[in-house]
Amino acid sequence: MRWSGQALDADDGALPGLERAGLVRSVQTPEFEGITFHEVLCKSALNKMPEESTLPFSFTVNAFRGCSHACRYCFARPSHEYLDLDAGADFDSQVVVKTNIAAVLRKELARKSWKREAVALGTNTDPYQRAEGRYRLMPGIIRALTESGTPFSILTKGTLLRRDLPLLKMAAAQVDVGIGVSLAINDAALQKQIEPGTPSPRARLEMIRAITDAGFACNVMVAPVIPFLTDSTSHLDGLFEALSEAGATSVTVFPMHLRGSTRGWFMNWLAQEHPALIRRYRELYGRGAYVTPEYKRWLANRVEPLVERHGLGGRSEHRDVNASGKQSREAPRELVGAGAALTLF
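This structure is a prediction, so every number in the text was calculated from the model and none was measured.

## Remarks on the packing of aromatic side chains
A full pass over the atoms with the stated rule returns 9 aromatic pairs. With centroids separated by 5.1 Å and ring planes inclined at 85°, the aromatic side chains of F32 and F37 adopt a geometry described as edge-to-face. Look at F37 and you get buried, because its relative accessible area is 2%. Each ring, one from F266 and one from W269, has its centre 5.5 Å from the other, and the planes form 50°; the classification is tilted. Note that F266 and W269 are positioned in helix 10 (residues 261–273) at a spacing of 3 residues, about one turn of the helix. Members of the aromatic cluster, each reached through a chain of ring pairs, are F228, F266, W269, Y281, Y285, Y295 and W298. In this structure, R280 is placed above the aromatic ring of F228, and the distance from its NZ or CZ to the ring centre is 3.8 Å.

Written as structure tokens, this is what we have:
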């Protein structure tokens, strides 16, 4: 379907935040019922991480703001408020698309000052959410990073990544490439409640197999673990078994945190679907965003033997791969991963 006739007028008074972001037009189409895409022209593509950050990458690139995955717990929800949109339904249905991001990125990477530091994709909103199937921004981003000699990693729930595996294999012949998949819920019914716009657990397990078959190590973010819903031994054991069978190399595990307006959005859902848990959540999180230290220790003690049982602590070869997924000179390229061999909290 051509989108030329699908543009909506967006006046300054209606979307002041989007006007500041460089709005060109807003688009709706029957292919994406209930979602409006706001196409913008970005001024920059690279986002510098704070100096005090302990993360294993220096820069991020985000092609979208907002995400149709609609995960109830998404920590990025408050970022939509900068655009004068709400962190709840608007975050899920009002998706900002940086249509010129690959061209802007290419210019930034061509600067003499660029030091080819590691770049992470998928740290805020998912680069392979459904909109990527229409806008096809990732191939241009991957090519720009590769041709500039910049190592990068991708974290996604989106099975659209499989489309780009041939391109990623070619990129990995020139730069260090890490690929990670997020899969924390192996109960299809619960997944549809909490992550209604994401591919099914089975589809993501199949993607993990495709990634490893393509020669990449695949770290899986078993995160967030949702207290009293996905932290049982039976759920975690079944998930780790499925991940191991799919070829996952390692896992990163941590409990859910609820910062800012994400907390209210999640708690409203919890009150509707699992009201008996409200009191326990108030005790667990108090007035803050994080679970108690006691819960973290309890979960770590539960997870560690399961990780060992299913061989998801990372192969011994992965000692040659650092936390960013960047391999050492001695490590075979096929062992490059997107995360640390094992991270618990």
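## A few points about the confidence of the model for the protein chain
Mean pLDDT over the protein chain stands at 87; residues scoring 70 or higher make up 85%. Here residues 1–16 scores under 50 on pLDDT; set against residues more than four positions off or in separate chains, the count is 35 contacts.

## A few points about the nonpolar core
If you look at the biggest cluster of nonpolar residues, it comprises 91 residues, and the most contacted ones within it are F152, L168, F240, L243 and F266. It is helix 9 (residues 233–246) that provides the largest number of residues to this core, a total of 6 residues. Not counting the four nearest positions on each side in its chain, F240 is found in contact with V222, V253, V303, L306, V307, H310 and L312.

## Notes on the environment of R280
Considering the arrangement of structural elements, one finds R280 in helix 11 (residues 278–285). Its relative accessible area of 41% is what places R280 among the partly exposed residues. It is 9.3 Å that separates the C-alpha atoms of R280 and P227, two residues lying 53 residues apart in sequence.

## Re the packing of helix 9 against helix 12 (residues 293–309)
Geometrically, a packed helix pair is captured by the angle between its two axes and the distance between the axes. In the contact formed by helix 9 and helix 12, the axes pass within 10 Å of each other and the chain directions differ by 30°. When the axis of helix 9 is compared with that of helix 12, the two are roughly parallel. In the crossing of helix 9 with helix 12, the sense of the turn from one axis to the other is right-handed. Of helix 12, the residues touching helix 9 (which contributes T233, L236, D237 and F240) are L299, R302, V303, L306, V307 and R309.

The rules behind each value
- Residues numbered from 1 in each chain as written.
- Predicted model: local features only at pLDDT ≥ 70, side-chain atom pairs only at ≥ 80, totals over all residues.
- Heavy atoms only, no water.
- Phe/Tyr/Trp six-rings, centres within 6.5 Å; stacked < 30°, edge-to-face > 60°.
- Buried < 20%, exposed > 50% of the residue type's maximum accessible area, 1.4 Å probe, protein only.
- Helix = DSSP H or I, 4+ residues; strand = E, 2+ residues; numbered from the N terminus.
- Lys NZ or Arg CZ within 6 Å of the ring centre and 35° of its normal.
- pLDDT = per-residue confidence, 0-100.
- Contact = heavy atoms within 4.5 Å.
- Core = buried A, V, L, I, M, F, W, Y, C linked by side-chain atoms within 4.5 Å.
- Axes fitted to C-alpha atoms, helices over the stretch in contact; angles between N-to-C directions.
- Parallel < 35°, antiparallel > 145°, perpendicular 65-115°, else oblique.
- Left-handed = near helix turned anticlockwise from the far one by under 90°.

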